Amino acid sequence: MSQQKERRGGAVWALVITSVAGFMAALDNLVVTTALPSIREDFGGGLDDLEWTVSAYTLTFAVLLMFGAALGDRFGRRRLFTVGITVFTGASAAAAMAPGIDSLIAARAVQGVGAAIMMPLTLTLLTAAVPAAKRGMAYGIWGAVNGLAVASGPLIGGSLTEHLSWQWIFWLNVPLGLALLPLARMRLSESFGSGAPLDIRGTLLASGGLFGIVYGLVRAPVVGWTDGVILLALIGGTALLVGFVLHGVHAKNPMLPMRLFRNRAFAGINAASLLMFLGMFGSIFLLSQYMQGVLGYSPTEAGLRMLPWTGMPMIVAPIAGYLSDRIGGRPVVAVGLFLQAVGLGWFALVVESDTSYTAQLPALIISGIGMSLFFAPASSLVMSSVRQQEQGIASGANNALREVGGALGIAVMASIFAAQGGYETPQTFVDGLRPALWVGSAAVAVAGAAALCMPGRRGRTAPEEDVEAPERVLETASS
């Protein structure tokens, strides 16, 4: 049964520790993108090798997230959280010292393993430490830090690459990880999930299915969608995920009970999260290259000009958390997603080989506000839509779908970009970028529609609680 030992620290410490850990994991999704030219100059390799420096992390992150959450529920969330930080920090150092492209890709894959263990546990640890009445604001701050990390990856990566070296994008994680380890031990309280046995069959089905699909989506733009290996990966991955769904319906203790998706709030926010990350990741991946390769900005200059987008979460996300407490998360999330869609559509309308920064600025501001309104309420909706002892599972599933959406966005939008344009001239780049941005905008607009399908506060049925379970995780904490 769920249980929690005597608390060692309050809500503030839990917020700081989990936010910094989430920042590290989220940052490494896109921090490498602006460093790719420098990595290619040092190590050589083809375009597909460089793509794997991004995708190796996303792939292992996505396929192991739910397993990481299940391990935390089984063996202790704080204990596995520190294991994840240790793996992530060690792999970051290995990536910084990598002697070649193959070892760099391998280190990035191990980084993803560490992130998959620690990332889904950040929300469960935070939820256990913060009183229910204050969770909206806490999620807002957590969401601000994570949203800033995702969107500012190109800025941080570009600045470190330009002024120090690309290795510093990985060295940055090492002191942060080393500082978090003793703090987590001293300031976080241990907690457990339901105590059910590990679902090995479900883990293999989910991991194998996600691996096949994500691998196929990442490799298809390089070798072609009709390649035999790609078709096998996509078809086999889909078959395994179908098996995972059936397993979740019929198994006694599945890692992801399919009954959770009967809850409209849980199903809606997960669909919205996948589509949001599809549109956002693919857009940032291409726009960071557009600003450097077409408009001629340096990595640092490009990152600074994206600050109206990337810096907005620090201002708006805490406000979004407050609003979600007052009026509910659904309207805040929906407005945020529609604003993000408008921002990407604005970019698609104005993008040219010589677009002025003044013309880009409205799209940057609108996108930044929209992204900021999404993160905090989305986290709150996920965690409030399930029983407390299932919050680890819910967090892992939501983060896995976000990562799958990110991998899908990069693969699909890069494929559209390659089909309609290319890197030959600034104009061919724009010819490929514009339709890709329209697809990203449409995906986020559909995400907004999915959010509107969720029940409002009055129509939502609270998840059924096991009120007789004496060992449930405590919900209150001393601030």
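These figures come from a predicted structure and were not determined experimentally.

1. Topic: the overall build of the protein
- For the protein, the count of helices and strands is 18 helices and two strands.
- A total of 479 residues make up the protein; the buried ones form 60% of that total.
- Surface summary for the protein: the accessible area is close to 17,600 Å², and the carbon and sulfur share equals 66%.

2. Regarding the nonpolar core
- Counting 123 residues, the largest nonpolar core has Phe81, Met280, Tyr290, Trp309 and Leu337 as the members making the most contacts within it.
- Core analysis: the next-biggest nonpolar cluster, separate from the first, contains six residues, Ile213, Leu217, Ile230 and Leu234 among them.

3. So, helix H8 (residues 173-187)
- Its 15 residues place the ends of H8 20 Å apart at the C-alpha level, agreeing with the 21 Å of an ideal helix rising 1.5 Å per residue.
- Every buried residue belonging to H8 is among Asn173, Val174, Gly177, Leu180 and Ala184, and all of these are buried.

4. Details of the packing of aromatic side chains
- Counted according to the given criterion, the structure contains five aromatic pairs.
- Measuring from centroid to centroid gives 6.3 Å for Trp166 and Phe170, while their planes differ by 85 degrees, and the two rings are edge-to-face. Comparing Trp166 with Phe170 shows no difference in burial state: the two are buried.
- Seen in terms of ring centroids, Phe261 and Phe266 are 4.9 Å apart; in terms of plane orientation they differ by 70 degrees. Their pairing is edge-to-face.
- Given a relative accessible area of 31%, Phe261 falls into the partly exposed group.
- Since its relative accessible area comes to 0%, Phe266 is described here as buried.
- Above the face of the Tyr297 ring, Arg305 is positioned so that its terminal group lies 4.3 Å from the ring centre.

5. Some remarks on the pattern of salt bridges
- Counting across every chain of the model gives one salt bridge.
- With a shortest N-O distance of 3.4 Å, Arg434 and Glu352 are connected by a salt bridge. Highlighted residues: Arg434 in helix H18 (residues 426-452) and Glu352 in the loop between helix H15 (329-350) and helix H16 (357-384), separated in sequence by 82 residues.

6. Side note on the packing of H15 against H18
- Two numbers describe how H15 lies on H18: the axes approach to 8 Å, and their chain directions differ by 165 degrees. When the axes of H15 and H18 are compared, the pair comes out roughly antiparallel. As for the relative orientation of H15 and H18, their crossing is left-handed in sense. Contacts between H15 and H18 involve Arg330, Val333, Ala334, Leu337, Phe338, Gln340, Ala341, Leu344, Gly345, Phe347, Ala348 and Leu349 on the former and, on the latter, Arg434, Leu437, Trp438, Gly440, Ser441, Val444, Ala445, Ala447, Gly448, Ala449, Ala451 and Leu452.

7. Quick notes on a nonpolar patch on the surface
- A surface patch of nonpolar side chains, about 500 Å² in accessible area, is lined by Met137, Ile141, Ile319, Tyr322, Leu323 and Ile327.
- Secondary-structure elements contributing two or more residues to the nonpolar patch are helix H6 (135-163) and helix H14 (313-327).
- With four residues, H14 is the single largest residue contributor to the nonpolar patch.
- Taking the relative accessible area as the measure of exposure, Tyr322 reaches 40% and is therefore partly exposed.

8. Some remarks on the environment of Cys453
- Relative to the assigned elements, Cys453 resides in the segment after H18.
- A sequence separation of 188 residues divides Cys453 from Ala265, and the C-alpha atoms of the two residues are 8.2 Å apart.

9. Thoughts on empty space enclosed by the protein
- Counted under the stated rule, the structure contains six cavities of 30 Å³ or more.
- Of the pockets and cavities examined, the largest cavity occupies roughly 110 Å³.
- Forming the boundary of the largest cavity are 12 residues, of which Ala26, Met119, Phe277, Asn399 and Arg402 lie nearest the centre.
- Of all elements in the fold, only H6 and helix H17 (391-420) reach the threshold of two or more residues within the lining of the largest cavity.
- Residues of the lining of the largest cavity, tallied by class, amount to seven nonpolar, three polar and two charged.

10. Description of the environment of Gly216
- Along the chain, Gly216 falls in helix H9 (residues 200-223).
- In this structure, the C-alpha to C-alpha distance between Gly216 and Gly237, residues 21 residues apart in sequence, is 8.8 Å.
- If sequence neighbours within four positions are ignored, Gly216 has contacts with Ile230, Ala233 and Leu234.

11. Digging into the environment of Gly279
- If you trace the backbone, Gly279 turns up in helix H11 (residues 264-293).
- Separated by 158 residues in sequence, Gly279 and Leu437 have C-alpha atoms that sit 8.0 Å apart.
- Setting aside residues no more than four positions away along its own chain, Gly279 makes contact with Leu344, Met413, Gly440, Ala443 and Val444.

12. Looking at the packing of helix H4 (residues 77-96) against H8
- One can describe the packing of H4 onto H8 by two numbers: an axis separation of 9 Å at closest approach and a directional angle of 165 degrees. Comparing their axes, H8 and H4 come out roughly antiparallel. Read as a crossing pair, H4 and H8 show a hand that is left-handed. Counted together, Arg78, Phe81, Thr82, Ile85, Thr86, Phe88, Thr89, Ser92 and Ala93 of H4 and Asn173, Val174, Gly177, Leu178, Leu180, Leu181, Ala184 and Arg185 of H8 form the full contact between these two elements.
- Split into classes, the residues belonging to the contact of H4 with H8 amount to nine nonpolar, six polar and two charged.

13. A look at the side chain of Asn270
- Inspection of the secondary structure assignment puts Asn270 in helix H11.
- The exposure class of Asn270 is buried, given its relative accessible area of 2%.
- If we skip the residues at most four places from it in the chain, Asn270 touches Ala397, Asn398 and Leu401.

14. Observations regarding the confidence of the model for the protein
- Averaged over the protein, the pLDDT score is 77; the fraction of residues at 70 or greater is 84%.
- No element of the protein has a lower mean pLDDT than strand S1 (residues 3-4), which averages 42, and none a higher one than helix H10 (residues 228-250), which averages 90.
- Taken as a whole, residues 1-9 scores under 50 in pLDDT and shows 40 contacts with residues more than four places along the chain or in a different chain.
- Across residues 459-479 the pLDDT falls below 50, and counting only partners more than four positions away or on other chains, this stretch makes 54 contacts in the model.

Reading guide: rules and limits
- Residues numbered from 1 in each chain as written.
- Predicted model: local features only at pLDDT ≥ 70, side-chain atom pairs only at ≥ 80, totals over all residues.
- Heavy atoms only, no water.
- Helix = DSSP H or I, 4+ residues; strand = E, 2+ residues; numbered from the N terminus.
- Buried < 20%, exposed > 50% of the residue type's maximum accessible area, 1.4 Å probe, protein only.
- Areas by Shrake-Rupley, 256 points an atom, 1.4 Å probe, with all protein chains shown as cover.
- Core = buried A, V, L, I, M, F, W, Y, C linked by side-chain atoms within 4.5 Å.
- Expected span 1.5 Å × (residues − 1).
- Phe/Tyr/Trp six-rings, centres within 6.5 Å; stacked < 30°, edge-to-face > 60°.
- Lys NZ or Arg CZ within 6 Å of the ring centre and 35° of its normal.
- Salt bridge = Lys/Arg side-chain N within 4 Å of Asp/Glu carboxyl O.
- Axes fitted to C-alpha atoms, helices over the stretch in contact; angles between N-to-C directions.
- Parallel < 35°, antiparallel > 145°, perpendicular 65-115°, else oblique.
- Left-handed = near helix turned anticlockwise from the far one by under 90°.
- Contact = heavy atoms within 4.5 Å.
- Patch = residues over 30% accessible without salt bridge, like charges linked within 9 Å, V, L, I, M, F, W, Y side chains within 5 Å.
- 1 Å grid on protein atoms, 1.4 Å probe; cavity = no way out; pocket = protein on both sides within 12 Å on 5 of 7 lines; lining within 4 Å.
- Points joined across faces, edges and corners; volume = space filled by probe spheres on them.
- Nonpolar A, V, L, I, M, F, W, Y, C, P; charged D, E, K, R; others polar.
- pLDDT = per-residue confidence, 0-100.

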